[in-house]
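# Coordinate analysis (summary)
The primary structure of each chain is shown beneath.
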Amino acid sequence: MSKEELKQVSDSKITKTVKKGEPLFEEGDKLNGVYCVRNGVSKLSKLSANGKDQIVKLASKGEVLGQRSVISQESTNLSAIAVDDMEVCFIPKESINNTLQKNPNFTLEVLRHMAHDLKEADDVIVNISQKTVKQRMAEAFLYLQNNFGEDSEGFLALTLSREDISNVVGTATESAIRIISEFKKKGLIHTSGKKIGIKDERKLLEMVEGF
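In the annotation of an unreviewed UniProt entry, the chain is listed under the name Crp/Fnr family transcriptional regulator and assigned to Flagellimonas yonaguniensis.

Pairing is antiparallel in the open sheet, where four strands are placed in the order β2-β7-β4-β5. Edge positions in the sheet fall to β2 (23–25) and β5 (53–59), since each of these pairs with one other strand and no more. Put simply, the sheet's adjacent strands are angled 30° from each other on average, direction ignored. As defined by bridge partners, strand β4 (residues 42–47) adjoins β5 across six bridges and the pair is classed as antiparallel. Within β5, the residue paired with Leu44 across the bridge is Lys57. The strands touched by helix α6 (residues 162–169) within the sheet are β4 and β5, with β5 carrying the most contacts at an inclination of about 95°.

An order of β1-β8-β3-β6 is seen for the four strands of this open sheet, with the pairing classed as antiparallel. Strands with a single pairing partner mark the edges of an open sheet, and in this sheet they are β1 (14–18) and β6 (64–65). With six bridges joining them, strand β3 (residues 33–39) and strand β8 (residues 86–92) adopt antiparallel strand pairing. If you follow Gly33 over to β8, its bridge partner there is Pro92. Contacts from helix α3 (residues 93–102) reach β3 and β8, with the element oriented near 60° to β8.

Counting through the fold element by element, Glu150 comes out in the loop between α5 (133–148) and α6. Setting aside residues no more than four positions away along its own chain, Glu150 makes contact with Gln145, Phe155, Leu156 and Ala157. In terms of polar contacts, Glu150 uses its side chain to reach the side chain of Gln145, at 2.9 Å.

The residue Cys36 is located in strand β3 in this model. It is 15 Å that separates the C-alpha atoms of Cys36 and Ser79, two residues lying 43 residues apart in sequence. When sequence neighbours within four positions are dropped, the list of residues in contact with Cys36 reads Glu63, Val64, Glu87, Val88, Cys89 and Ile91.

Glancing now at the side chain of Gln135. Considering the arrangement of structural elements, one finds Gln135 in helix α5. In this structure Gln135 touches Met207, Val208, Glu209 and Gly210, once residues within four positions along its chain are discounted.

A word on empty space enclosed by the protein. Following the criterion strictly, the structure yields one cavity of 30 Å³ or more and no others. Taken together, Leu144, Leu156, Leu158, Thr159, Leu160, Arg162, Ile165, Lys194, Lys195 and Ile196 make up the lining of the largest cavity. Those elements that provide at least two residues to the lining of the largest cavity are α6 and β10 (195–198). Class assignment of the residues belonging to the lining of the largest cavity gives a composition of six nonpolar, one polar and three charged.

Calculation criteria
- Residues numbered from 1 in each chain as written.
- Predicted model: local features only at pLDDT ≥ 70, side-chain atom pairs only at ≥ 80, totals over all residues.
- Heavy atoms only, no water.
- Pairing = 2+ DSSP bridges.
- Helix = DSSP H or I, 4+ residues; strand = E, 2+ residues; numbered from the N terminus.
- Axes fitted to C-alpha atoms, helices over the stretch in contact; angles between N-to-C directions.
- Contact = heavy atoms within 4.5 Å.
- Polar contact = N/O pair within 3.5 Å; in protein donor to acceptor, adjacent residues only side chain to side chain.
- 1 Å grid on protein atoms, 1.4 Å probe; cavity = no way out; pocket = protein on both sides within 12 Å on 5 of 7 lines; lining within 4 Å.
- Points joined across faces, edges and corners; volume = space filled by probe spheres on them.
- Nonpolar A, V, L, I, M, F, W, Y, C, P; charged D, E, K, R; others polar.

Spelled out as structure tokens, the structure:
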């Protein structure tokens, strides 16, 4: 973007605070703009035919939400709910569409981002169809460690509920609780309340890779 285009977008943006558990938008909504994450984490999920959420992505600082719906002028295909307290910037669709029409470099960059999102969605489909629940659980913990880090006590910095973990993995909450207990007994993880920490990263990696 040129300095002038950046100024136009900056002048039009609105900063919002979203509390934990509150939606940025819900599946089927018509969006009037996109959301840029400044702080916090949002879960992007799709409601299945049996009424269970499948979390397809955890979006954190620097990521943009809703651009596909705004560009395609379609209702949202996913819901975005705050996992913890968030600060987001809302940019009206007029600012986005004007820049898309005038700036081919910006358009190309947006296409790259959407292509990356499609690749991530493909990976989710492959994981669910080809990996066991235990492999997906191990991979989820490693993903949370690599992307969000650990706290001072060695627990995963992003604390998800057992239900959210099951929705990331694509299994029943009861199964997720059972596997977490099994991993703990085997010394792969340690827990304290909702908090989970990784004890044996190598064993988890071996499980993901099928060893």
